[in-house]
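# Commentary on secondary and tertiary structure
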Amino acid sequence: MYKIEFIPTGHTFELPDITAQELKEKFPEDYKILEKNGKKYQDRAKKKKNVDSSSIYEKVIEKS
């Protein structure tokens, strides 16, 4: 069993391994794994980048 947190609301859930892994793969920015099989787990959630579709900033700036 995995204990995961839904980051936008802060709710935590205990889910079977397969279900928790599927959610994490489909929505990596929205879910954070807190525990794997009763042991604490350090999961780093990716932060969402807000991209303004009307702006050309991302097209102009070089990324290193």
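All of these numbers come straight from a predicted model, not from anything done at the bench.

### A word on the pairing of strand 2 (residues 11-15)
Pairing between strand 1 (residues 2-6) and strand 2: five bridges, direction antiparallel. The partner of I4 across the bridge, within strand 2, is F13. Turn length for the strand 1-strand 2 hairpin, with the two strands adjacent in sequence and antiparallel, is four residues, and the turn residue G10 shows positive phi of about 85°.

### A few points about the sheet that holds strand 4 (residues 39-40)
Pairing is antiparallel across the open sheet formed by four strands, whose spatial order is 2-1-3-4. Sheet topology places strand 2 and strand 4 at the edges, where each strand pairs with a single neighbour. Two elements, strand 3 (residues 31-36) and strand 4, share two bridges in a ladder whose sense is antiparallel. Among the inter-strand pairings, K36 is bridged to a residue of strand 4, identified as K39. Taken strand by strand, helix 1 (residues 17-26) contacts strand 1, strand 2 and strand 3, and its axis lies near 30° from that of strand 1.

### Describing the confidence of the model for the chain
On average, residues of the chain carry a pLDDT of 83, and 81% of them reach 70 or more. Averaged over each element, pLDDT in the chain is lowest for helix 2 (residues 57-60) (72) and highest for strand 2 (93).

### Looking at the packing of aromatic side chains
Counted according to the given criterion, the structure contains two aromatic pairs. Taken together, a centroid distance of 5.1 Å and an interplanar angle of 45° make the contact between F6 and Y31 tilted. Taken together, the positions of F6 in strand 1 and Y31 in strand 3 put the pair 25 residues apart, joining distant regions of the chain. On the basis of relative accessible area, F6 is assigned to the partly exposed category, the value being 22%. With a relative accessible area of 13%, Y31 lands in the buried category. Judged by centre distance (6.5 Å) and plane angle (50°), the rings of F27 and Y31 are tilted. Given the relative accessible area of 38%, F27 is considered partly exposed. Among the aromatic residues, those joined into a cluster by ring pairs are F6, F27 and Y31. In this structure, K36 packs its charged tip against the face of Y41, placed 4.1 Å from the ring centre.

Here is what the cut-offs are and how they apply
- Residue numbers run consecutively from 1 along every chain, following the written order of its sequence.
- The predicted origin of the model limits local features to residues at a pLDDT of at least 70 and limits the giving and counting of side-chain atom pairs to 80 or more, whereas totals for whole chains, interfaces and linings rest on all residues.
- The side-chain values count all of the structure's non-hydrogen atoms but skip hydrogen atoms and water molecules.
- When DSSP finds two or more bridges between a pair of strands, those strands are recorded as paired.
- Only DSSP runs of H or I with at least four residues qualify as helices, and only runs of E with at least two residues qualify as strands; both kinds are numbered from the N terminus onward.
- The contact rule is simple, with two residues in contact once any of their heavy atoms fall within 4.5 Å.
- Between the N-to-C directions of two axes lies an angle of 0 to 180 degrees, each axis being a line fitted to C-alpha atoms and, for a helix, fitted only over the stretch in contact.
- Confidence per residue, as judged by the predictor, is encoded in pLDDT with a range of 0 to 100.
- In this analysis, rings of Phe, Tyr and Trp, with Trp reduced to its six-membered ring, are considered paired at centre separations within 6.5 Å, and the interplanar angle assigns stacked below 30 degrees, edge-to-face beyond 60, and tilted for intermediate values.
- The buried label applies to any residue whose accessible area, calculated with a 1.4 Å probe on protein chains only, is under 20% of its type's maximum; exposed applies above 50%, and partly exposed to all values in between.
- Two thresholds decide whether a charge sits over a ring: the Lys NZ or Arg CZ must be within 6 Å of the ring centre and within 35 degrees of the ring normal.

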